[in-house]
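# Results of the structural survey
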Amino acid sequence: MRHKDYMGLGILLLVIIFLPFVITNDYYLGVLVFTALNCLTCIGLCLLMGYAGQISLGHAAFYALGAYATGILTAKLGWSSWMAMGTGVIISAGVAFLVGVPSLRLKGHYLAMATLGFGAIIHIVLIAAVNMTGGPSGVVGIPSLHFFGIELNTDTRFFYFSWSTVIIGLLLALNLIHSRVGRGLRAIHGSEDAAGSSGVNTSVYKIKVFMVSAVYASVAGSLYANYVNYIDPGPFDVMHSVLLLTMVAVGGMHTIWGAITGATVLSLLPEFLSSMSDYFESLGLSYQPDYDTLIYGGILLLMMLFLPEGLVDGMNSIRRITSTMFIRARKKLVF
Amino acid sequence: MMINLRRQKEVRAVKRVLWCGFVLMFVFFFSTATLYADSKAYHVGCIFAITGKASWLGEPQKNTVEMLAQKINESGGIDGKKLVLHIEDTQGDNTRAVNAVKKLIKKFNVCAILGPSRSGTSMAAIPVAQAANIPLISCASAEIMLQPIEERGWIFKLAQNDSDAVRKIYDHLVKRGLKKVGVITGTTGFGAAGRDFLIKMAPEYGMEIVADETYAPGDTDMTAQLVKIRNSGAQVIVNWSIVPAQSIIPQNMKQLKMEIPLYQSHGFANIKYAQAAGEAAEGLIFPAARIMAVDTLPKRHPQYALMAEYKSEYESTYKDNVSTFGGHAYDGIHLLSGALEKVGDDPAEIRNYIENARFVGTGGIFCFSPKDHCGLDKTAFELLTVKNGKFVVLEP
Amino acid sequence: MESGGFTDFLQFIFMGLQRGCIYALVAMGFNIIYSATGVINFAQGEFVVLGGLMMVTLTTGFGLSIVFAFLISTLFVTIIGILMERCTINPVKKPTVLRLIIITIAVSILLKGVAMIIWGKGSHYMRHFSGSDPFVIAGATILPQTLWIIGILGVIVVAFVVFFNLTMTGKSMRACAINRDAACLAGINDRNMVMLSFALSAGIGAVAGIIVTPIIQMDYARGALLGLKGFGVAVVGGLGNSLGAVIAGILVGVLEALSGGYISSHYMDAIALLILLLVLFVRPSGLFGSSEASRLKEF
């Protein structure tokens, strides 16, 4: 891990610790919990896309596997939440292995299609296997998580817990990137053939990172089930996979921090737009929620047109621009 | 070169604007200062699927509550207090629904919530409302929302029970002496709930389910499923779905020259579905709220006056056909304004009021009790049929 | 009504043909843009929706004849396709595949929003082109609309073959698809070819929307559903290969119908998808795609 990463982690940690003292409204904390879950999934997806260069349009399926493992095992079979989460992780990793072995031989759009097809199949099974998953009616009465005897049943508690998970996930991911495995992955991203010929076992590395990213999504799914206490197939469709991909791309997929930024911005954007429409309405303007869709699409388009390398890179370039302006201004003053 | 430089400048400018936007967004979003403190008014929350895949459900509901609130406020409000509606959009998405309910409760301090539109979003929103002790009056139909009743003290629903629709259909089948039923359902929450009841309640009525098929909302042709039903020797088909794809079933049956009777669910209660199916829809039978066939209802019926008024007002305001979904919202505002007038805006008082409320609505004659948070039974349904492209009461 | 084993089988095939032809049309739209840019256009489903909605408005709203409305709707969506390329794809200086894909996702959200505001949220229906009295072939029945769909797909395929093999513009587009740099060297304006590809694929999307609307009732939110299946079909047929798309489309449709008819309608889509995945695993470049061509467009 590099110096910069430690700094970033430190800042994030401080923000997380003090945020609930500033923001006391449960609504905002609840929104941030969902943001944390998206961040967690996106960290995994970023490892796969940004570092190993493999695309996935099926990550909602792993998210679903985690959520349904928790939902079915705890609500129907009475397991403890932690056991269920662990089982979900094992199932997801196993499924990722089974899907990854044949799929990761594919490239580009073909890989995209294979993962998308896998995601669609899982979604159909969630709907059709009524006896197991409850079908479209879903699983009811999923218990809250207990952490050393504390029931995580308030938004503040779950906020701390979910963001701690994100921090742990970040730490693990950053360590992975700067290890031998990470270097191997970057080599694969650069050129798979070259990496192969310099002794990187490309197919094993790709499958491993696919499994790791599946585990991230699975944990996020389990937390979702524990937090909302109810799941149905709705949040786990192919469009959610597309949304996750968009989050990673918007933030900038070449760094984990980009994935987190993208996930945060796109998770908060819809809530922000709805707050804005409340504001307009309170001013007596006739504003329809219908326009939110347009604004959301417009912002996404602008970001991709003008911040091609993602938000994080865009932020850096702004810092560069402002600092050069600052230096120029100082020079003028001196002379 | 010049062009390039200019372009770079443009890009920088837009980048700056975007970033300022994000900073503003965070500041604005988390500013807990409330702009809406108006203690001289009654604050009621509404969450509907106004955009997204179920927006055809949420749109009439939003229109209806806006129309009613305006009417109430124009005639002096409730006890001289204004009725302020905070309308949130779930986009038909569970996560957004959870956020929306929290927002209504924590940010706007509403005294009661009307909605959500869908069963799934309602199920996701229920734990939040239940924990916050705020009455939530759902416009969705799934009965599972109210079970177990001990843990759902704050949850009510206005839509008719799916099981009552099944009872209405099976009663009619018994009367006609038909026993072998082919079931075909859409793969949505509505379809799955119906399928569940159709299969579970069949023995009670001496019915035999000889075929059980499904179709996805995006399907364009269901002849394979219908051929299977035909080969199973079914005497009647029950098609249970709420998506437009259900109109294909009567057309495919006509194509296959299947003569057996077709029953639809109350999800068919949208005149566009009947029009889309054209001639093929003539004569099919379905249970629905009476609002769908007000014109053919005897004028002495207790619901007639109210429904005729709602229908003419809605249709003249929005130039759109009235629907049962909008009707749920109508009943909800009716119920809540009654509660606010009687007991004020204390959530617990409102809850107690609703538990004992009795009133005539568009969905039926409601009769709530502490044990029954729906207040409707199978008499809320009327069997309708399609005649010359219009819904009419089967046996007036 | 007679219903022997063969009649049922034929009935399933007809059903599969109808579904498959629609998939094929959507997939062909994906292919054209893919050939020109190497990008999957996520707004393809939106083209289909806009075509269908426009058709409904023109025929039932303005009372135009079907032929006339057909032409205007197609033209309308074609113009939208051109606008999309000029406003969002053309200005991108360093086009990477992923960036362009996200741009098309953003455009699809925008188009969906516009369609929602213009056409409202309910579904729109229109009459079948020429009645709904079925034809009977060996006991199985087929709707006239299905024949229309098959016929229009046939006409488009023939038009494609002629366009890409016999006209200069078509040949230039093919040249660009095979090797962009070489095509530029030969004096072909590749940016114009990209625009042309968006125009063509929007037009085909519109046609798909127009002919499917009488069957499914169109609403603004249907794009994703229609688009994703088309994408799958395009990939399995071999990206960039339009004939492959047609064959794969019909194959998928028939597979779905047969698994729905003989195995289980609950899992019919899943079974078809599973077979598609198996095909991909055996032939990583699709049924008719060449690995050579796909390597040029990696991202």
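It should be emphasised that the depicted structure is a prediction, and the values quoted were computed from it without experimental measurement. (Residues numbered from 1 in each chain as written. Chains lettered and ligands numbered in written order. Predicted model: local features only at pLDDT ≥ 70, side-chain atom pairs only at ≥ 80, totals over all residues.)

### Section: the overall build of chain C
In terms of helices and strands, chain C carries 12 helices and 2 strands. When the helices and strands of chain C are read in sequence order from the N terminus, they spell out α-α-α-α-β-β-α-α-α-α-α-α-α-α. Relative to its length of 299 residues, chain C is compact, with a C-alpha radius of gyration of 19 Å against a globular reference of 19 Å. Considering only C-alpha atoms, chain C reaches an extent of 65 × 50 × 35 Å along its principal axes. (Helix = DSSP H or I, 4+ residues; strand = E, 2+ residues; numbered from the N terminus. Rg over C-alpha atoms; globule rule 2.2 N^0.38 Å.)

### Some words on the interface of chain C and chain B
Residue-level contacts link 31 residues of chain C with 31 residues of chain B. Every element with two or more residues in the side of chain C that touches chain B is listed here: helix 1 (5–37), helix 8 (190–216) and helix 10 (242–263) of chain C. Broken down by element, the residue count for the side of chain C that touches chain B peaks at 7 residues, all from helix 1 of chain C. For the side of chain C that touches chain B, the class distribution of residues is 14 nonpolar, 12 polar and 5 charged. (Contact = placed C-beta atoms within 7 Å. Nonpolar A, V, L, I, M, F, W, Y, C, P; charged D, E, K, R; others polar.)

### Brief notes about the packing of helix 5 (residues 108–128) of chain A against helix 11 (residues 268–282) of chain C
Packing of helix 5 of chain A against helix 11 of chain C leaves a shortest axis separation of 9 Å and a crossing angle of 155°. Relative to helix 11 of chain C, the element helix 5 of chain A lies roughly antiparallel. Of the two elements, helix 5 of chain A crosses helix 11 of chain C, and the hand of that crossing is left-handed. In contact with A:Tyr110, A:Met113, A:Ala114, A:Gly117, A:Ala120, A:Ile121, A:Ile124 and A:Val125 of helix 5 of chain A, helix 11 of chain C contributes C:Asp269, C:Ala270, C:Leu273, C:Leu274, C:Leu276, C:Leu277 and C:Leu280. Class assignment of the residues belonging to the contact of helix 5 of chain A with helix 11 of chain C gives a composition of 13 nonpolar, 1 polar and 1 charged. (Axes fitted to C-alpha atoms, helices over the stretch in contact; angles between N-to-C directions. Parallel < 35°, antiparallel > 145°, perpendicular 65-115°, else oblique. Left-handed = near helix turned anticlockwise from the far one by under 90°.)

### Some words on the pairing of strand 13 (residues 381–387) of chain B
All names here are of chain B. Sheet analysis places strand 10 (residues 285–289) next to strand 13, joined by 5 bridges and oriented antiparallel. Note that in strand 13 the partner of Ile285 across the bridge is Thr385. Between the antiparallel neighbours strand 13 and strand 14 (residues 390–393) lie 2 residues, among them Asn388 with a positive phi of about 50°. (Pairing = 2+ DSSP bridges.)

### Considering the interface of chain B and chain A
With 39 residues of chain B at the interface, the matching set in chain A holds 43 residues. Sorting the residues of the side of chain B that touches chain A by element identifies helix 1 (2–30), strand 2 (82–89), helix 3 (94–107), helix 4 (119–132) and helix 6 (189–200) of chain B as the ones contributing at least two each. Here the side of chain B that touches chain A gets 11 residues from one element, more than from any other, and that element is helix 1 of chain B. Looking at side-chain class alone, the side of chain B that touches chain A contains 19 nonpolar, 9 polar and 11 charged residues.

### Some remarks on the sheet that holds strand 4 (residues 136–138) of chain B
All names here are of chain B. Taken together, 5 strands build an open sheet; the order of strands is 2-1-3-4-5 and the sheet is parallel. At either margin of the open sheet sits one strand with a lone partner, and together these are strand 2 and strand 5 (155–157). As judged from the 8 bridges shared by strand 1 (residues 41–48) and strand 2, these two strands associate in the parallel manner. From the neighbouring strand, Cys46 faces strand 2, where its bridge partner is Ile87.

### Some thoughts on helix 11 of chain C
Under the 1.5 Å per step criterion, the end-to-end length of helix 11 of chain C is 22 Å for 15 residues, consistent within 8% with the ideal 21 Å. Along helix 11 of chain C, the residues that are buried comprise C:Met268, C:Asp269, C:Ala270, C:Ala272, C:Leu273, C:Leu276, C:Leu277 and C:Leu280. Looking at the packing, one finds that the buried side of helix 11 of chain C touches helix 5 of chain A together with helix 9 (223–237) and helix 10 of chain C. (Expected span 1.5 Å × (residues − 1). Buried ≥ 20, exposed ≤ 12 C-beta atoms within 10 Å, placed from the backbone.)

### Comments concerning the nonpolar core
Counting residues in each nonpolar core, the largest one holds 347 residues, and the members touching the most others are A:Cys42, A:Ile43, A:Val248, B:Val101, B:Ile113 and C:Ala24. Looking at which element gives the most residues to this core, the answer is helix 2 (residues 26–51) of chain A, with 19 residues. Leaving out residues up to four positions away in the same chain, B:Ile113 has contacts with B:Gly45, B:Ile47, B:Val101, B:Leu104, B:Ala129, B:Ile134, B:Leu136 and B:Ile137. (Core = buried A, V, L, I, M, F, W, Y, C linked by C-beta atoms within 7 Å.)

### What to know about helix 10 (residues 304–318) of chain B
Residues and elements named next belong to chain B. With 15 residues, helix 10 should reach 21 Å at 1.5 Å per residue; the first-to-last C-alpha distance of 21 Å fits that figure. When we look at burial in helix 10, the residues that qualify are Met307, Tyr310 and Tyr314. Along the axis of helix 10, the buried positions cluster into a sector of 65°, meaning they face one direction only. Exposed residues on helix 10 whose side chains face more than 90 degrees from its buried face are Ala305, Glu309, Ser312 and Ser316. Of the surrounding secondary structure, the elements contacted by the buried residues of helix 10 are helix 2 (55–74) and helix 11 (324–343). Positive phi shows up at Lys319, right after helix 10, with a value of about 50°. (Arc of directions from axis to C-beta.)

### Describing the domain arrangement of chain B
Residue and element names in this part refer to chain B. Domain annotation of chain B identifies domain 1 (41–160 + 307–378) and domain 2 (162–296 + 381–393). Each of domain 1 and domain 2 has a C-alpha centre, and the two are 28 Å apart. Taken residue by residue, the interface counts 20 residues in domain 1 and 20 residues in domain 2. Put simply, the parts of the chain that give the side of domain 1 that touches domain 2 at least two residues each are helix 4, helix 10 and helix 11. In terms of residues, the side of domain 1 that touches domain 2 owes the most to one element, helix 10, which gives 3 residues. (Domains from an automatic or database assignment.)

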